[in-house]
Amino acid sequence: MSSVSPIQIPSRLPLLLTHEGVLLPGSTMRTSVDSARNLQLVRSRLLKGTSLQSTILGVIPNTPDPASDAQDLPPLHRIGTAALAVQVVGSNWPKPHYTLLITGLCRFQIIQVIKEKPYPVAEVEQLDRLEEFPNTCKTREELGELSEQFYKYAVQLVEMLDMSVPAVAKLRRLLDSLPREALPDILTSIIRTSNKEKLQILDAVSLEERFKMTIPLLVRQIEGLKLLQKTRKHKQDDKRIIAIRPIRRLAHIPGTVEDEDEDEDNDDIVMLEKKIRTSSMPEQAHRVCVKELKRLKKMPQSMPEYALTRNYLELMVELPWNRSTTDRLDIRAARILLDNDHYAMEKLKKRVLEYLAVRQLKNNLKGPILCFVGPPGVGKTSVGRSVAKTLGREFHRIALGGVCDQSDIRGHRRTYVGSMPGRIINGLKTVGVNNPVFLLDEVDKLGKSLQGDPAAALLEVLDPEQNHNFTDHYLNVAFDLSQVLFIATANTTATIPPALLDRMEIIQVPGYTQEEKIEIAHRHLIPKQLEQHGLTPQQIQIPQVTTLDIITRYTREAGVRSLDRKLGAICRAVAVKVAEGQHREAKLDRPDVTEGEGCREHILEDAKPESTSDTTDLALPPEMPILIDFHALKDILGPPMYEMEVSERLSQPGVAIGLAWTPLGGEIMFVEASRMDGEGQLTLTGQLGNVMKESAHLAISWLRSNAKKYHLTNASGSFDLLENTDIHLHFPAGAVTKDGPSAGVTIATCLASLFSGRLVRSDVAMTGEITLRGLVLPVGGIKDKVLAAHRAGLKRVIIPQRNEKDLEEIPGNVRQDLSFVTASCLDEVLNAAFDGGFTVNTRPGLLSSKL
């Protein structure tokens, strides 16, 4: 039996008021000191005192918060614990405070408070002694069965724990070495008890009463441990019992809520280990996971890196390393499915069927990198979804518009706070297979910033020779992307870096013709809008002639988005009529007349009030179906937005129509010229780029050099066109930036019209680059430009002779409506642009064809 050195506490003690717990004799506790009274006590007694008695404090449990710094001393608990200050640690952040490590010595009772400021000091009476309790027969007889019963429960509790843990073994030795009279206080401070229960033990001055109050607490912990062990027997054999904390934290022994949470976390780790073991990840990835799992087992759960490592391992086991879907390789069924989902787009559907055919012949074909380039609203994104549906693969869309951080593609390194994998790896986790269809939407709108260039990060992703070994910064192991079918979409290739463009197979998706738009509207758009607005074909009918009016008069686009919105507006207006017909009020504020023209309801604006002064007509519901004609269009959509103004704008010399390509599709472009007295200056307006300005200078130089040939003179009759003459060229729609060489022939024709005083044909549009010698060079975007001319109602299109091959892509109905003139020089362009030709003494060989 070891003995405790006898000590007598002073009769006067400074009082330390605590609210963080209850200190019992024989236990140790850390407490924070931040109130004014307690701070003054620490500075005066502990930091300046030198004797042993100066480090002995009276610790009083205080229910109110002592940090309130009230002027009056709060009510003090009657019983306290004399304690020895073992350690003092100070800090100034976030405010001055001290942390004390104190050890309980004995109980005391407050006789009276001697002073309250600057810190309370009280006269006390010691209630129990610190010397060894007498181990006599008298003591054993008095305590008798209570002492033996308490010791039996204490030994039972400790032996149910893992004795291989040093803290548990030390506790078992203390049960034999310490006198039993000191055990109730020590075990109460160790086991899981509330502050209220500890306060009751502190107030139990009688040793017999202390034993009686502590035994039920031990029994409660034993029952909790038995229940936990019974539960663990039904779990897997490879689960391990978590070692208890060191003795200073033994309050959280098994059976408590905290330990159950730890056990659940341990179960998750065991399941995670099983998933890693049964996963089919490559050997390199498996080694990394095993290594990280070993680190995770040794890591305390309170460490921030614990959650990061666990999230990493969960991602690794969820990735589809070898999970894939089986492609549907029925070419006939794929063709039918693509035709049902999308009208036209023959080139694109042909490429998809080619991939299916080769995939059927060769199983390990790497996924192609396709890039659909075309104006908005032509169905690039929906085609990608249809391709996935055709192949029977999972589909995932990644929006790249505005992305300016390369970490969005490659992921963040795990050394950063809040790190996560890139969009590629995250998309694979979402779809759960390693051969999905990935749609990289708006790849031409990638940004660039201090965080890197995402377009450069895509080089590895979209390179068939490299993406089988793609390494995400977060994973830090290679992942095979060779089976992924990547489809990128873009409006233009001008903003795509050349290196990235070189890795993709470009498939142009041009705009639709009017006939194609009509078919798309009646096959897809109108049924979709009817379903979204709760209408049926028995309630509304939109004839094809009405659809054509919407296309030509209310929209001017390459795609069908505006057309879809206009159809939605019509359906909403009809829905109002249908709802009013179902819930019609008996009286209306104004007279309406139902007119049977085409089963359409007209509201007569000029109805005379006096004709209905004596009687009130009951408005009848509109007859079904409601037919949408041009008059109804005007009522619903307003006056037409686009009228055919071509002939009006070409009613005077100096105006010609060009064809331009934009990311939104082809457009017609007017070029206007005027001359005035001046000093031979050329003025260009309309937000023109450098290339277009150079084309204007080329055109005026060619006309000046051929002025005599075409009898072109200025206002004074001189063949020097710029002598005392200024020329102003303007390209309307000044808010839109324009550039490119294809306006060269249009500028030359416009200036020829100005100086000759002849009108350019109002049904002619043209495109082509010119040289200083008058040659016409080929340009791009012929199909989009021809479709724009067709939408504008023009009849003749002049194109470079070397672009004649591009006419094969023009739909047959458009070629039948237009007359194409292929020109190799400006002489042929001017002959085709003016009625009766333009050249003087020229050869009659004008190539004109009706294709």
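Rules and cut-offs
Residues numbered from 1 in each chain as written. Predicted model: local features only at pLDDT ≥ 70, side-chain atom pairs only at ≥ 80, totals over all residues. Heavy atoms only, no water. Helix = DSSP H or I, 4+ residues; strand = E, 2+ residues; numbered from the N terminus. Areas by Shrake-Rupley, 256 points an atom, 1.4 Å probe, with all protein chains shown as cover. Expected span 1.5 Å × (residues − 1). Buried < 20%, exposed > 50% of the residue type's maximum accessible area, 1.4 Å probe, protein only. Contact = heavy atoms within 4.5 Å. Pairing = 2+ DSSP bridges. Polar contact = N/O pair within 3.5 Å; in protein donor to acceptor, adjacent residues only side chain to side chain. Axes fitted to C-alpha atoms, helices over the stretch in contact; angles between N-to-C directions. Parallel < 35°, antiparallel > 145°, perpendicular 65-115°, else oblique. Left-handed = near helix turned anticlockwise from the far one by under 90°. Nonpolar A, V, L, I, M, F, W, Y, C, P; charged D, E, K, R; others polar. pLDDT = per-residue confidence, 0-100. Core = buried A, V, L, I, M, F, W, Y, C linked by side-chain atoms within 4.5 Å.

## Focus: the overall build of the protein chain
(1) Moving on: The helix and strand tally for the protein chain stands at 28 helices and 25 strands.
(2) Moving on: Of the roughly 42,200 Å² of accessible surface on the protein chain, 51% is carried by carbon and sulfur atoms.

## Brief notes about helix H12 (residues 346–361)
(1) Moving on: Taking 1.5 Å of rise per residue, 16 residues should cover 22 Å, and H12 covers 23 Å from first to last C-alpha, within 8% of that figure.
(2) Moving on: Within H12 the residues assigned to the buried category are Leu 348, Lys 349, Arg 351, Val 352, Leu 353, Tyr 355, Leu 356 and Arg 359.
(3) Moving on: In the core, the buried residues of H12 are packed alongside helix H11 (331–341), strand S7 (369–373), helix H13 (380–391) and strand S13 (505–508).

## Observations regarding unusual backbone geometry
(1) Moving on: The omega torsion across Lys 117 and Pro 118 is 0°, close enough to zero to call that bond cis.
(2) Moving on: Of note in the backbone geometry, Glu 442 takes a positive phi value of approximately 55° without being a glycine.
(3) Moving on: Summarising the element assignment, Glu 442 is placed in the loop between strand S9 (437–441) and helix H16 (454–461).
(4) Moving on: Using a relative accessible area of 26% as the deciding quantity, one classes Glu 442 as partly exposed.

## Section: the pairing of S7
For a regular strand, the rule is simple: side chains alternate between the two faces of the sheet.
(1) Moving on: With five of five residues buried, S7 lies mostly within the body of the structure.
(2) Moving on: Side-chain alternation along S7 places Ile 369, Cys 371 and Val 373 on one buried face and Leu 370 and Phe 372 on a second face that is also buried.
(3) Moving on: Pairing geometry for S7 and strand S12 (residues 485–490), over five bridges, is parallel. Residue pairing in the sheet places Leu 370 in a bridge with Ile 487 of S12.
(4) Moving on: With four bridges joining them, S7 and S13 adopt parallel strand pairing. Bridge pairing in S13 links Cys 371 to Ile 506.

## Quick word on the side chain of Thr 552
(1) Moving on: With respect to the helices, strands and loops of the structure, Thr 552 is situated in helix H19 (residues 544–554).
(2) Moving on: A polar atom in the side chain of Thr 552 sits 2.8 Å from the backbone oxygen of Leu 548.
(3) Moving on: With near-sequence residues (within four places) excluded, Thr 552 lies in contact with Gln 514 and Tyr 642.

## A word on the packing of H19 against helix H20 (residues 561–582)
(1) Moving on: At their nearest, the axes of H19 and H20 sit 10 Å apart, and the two run at 120° to each other. Considered as vectors, H19 and H20 are oriented oblique to each other. Read as a crossing pair, H19 and H20 show a hand that is right-handed. Along its contact with H19, which presents Ile 550, Ile 551 and Tyr 554, the element H20 presents Leu 563, Lys 566, Leu 567 and Ile 570.
(2) Moving on: Among the residues making up the contact of H19 with H20, the classes are represented as six nonpolar, no polar and one charged.

## Describing the confidence of the model for the protein chain
(1) Moving on: Here the protein chain shows a mean pLDDT of 82. Residues at 70 or above account for 85%.
(2) Moving on: Mean pLDDT per element in the protein chain: strand S25 (residues 848–849) is the minimum at 36, and strand S23 (residues 796–800) is the maximum at 96.
(3) Moving on: Considering only residues more than four positions removed or in separate chains, one finds that residues 1–5, a stretch of pLDDT under 50, has 12 contacts.
(4) Moving on: In the predicted structure, residues 130–134 sits below a pLDDT of 50 and forms 16 contacts with residues beyond four places in sequence or in another chain.

## Some thoughts on the pairing of strand S2 (residues 28–33)
(1) Moving on: Side chains of S2 alternate between two faces, with Met 29, Thr 31 and Val 33 buried and Thr 28, Arg 30 and Ser 32 left unburied.
(2) Moving on: Sheet analysis places S2 next to strand S5 (residues 97–115), joined by six bridges and oriented antiparallel. Paired with Val 33 across the strands is Tyr 98, a residue of S5.

## Quick word on the nonpolar core
(1) Moving on: Counting residues in hydrophobic clusters, the biggest one holds 65 residues, and the most contacted among them are Leu 712, Leu 729, Ile 747, Leu 751, Ile 798 and Val 829.
(2) Moving on: The biggest single contributor to this core is helix H25 (residues 744–756), with eight residues.
(3) Moving on: Other than its neighbours up to four places away in sequence, Leu 751 contacts Ala 673, Ala 699, Ile 700, Leu 703, Ile 727 and Leu 729.
(4) Moving on: Leu 293, Val 373, Phe 470 and Leu 500 belong to the second largest nonpolar core, which has 49 residues in total.

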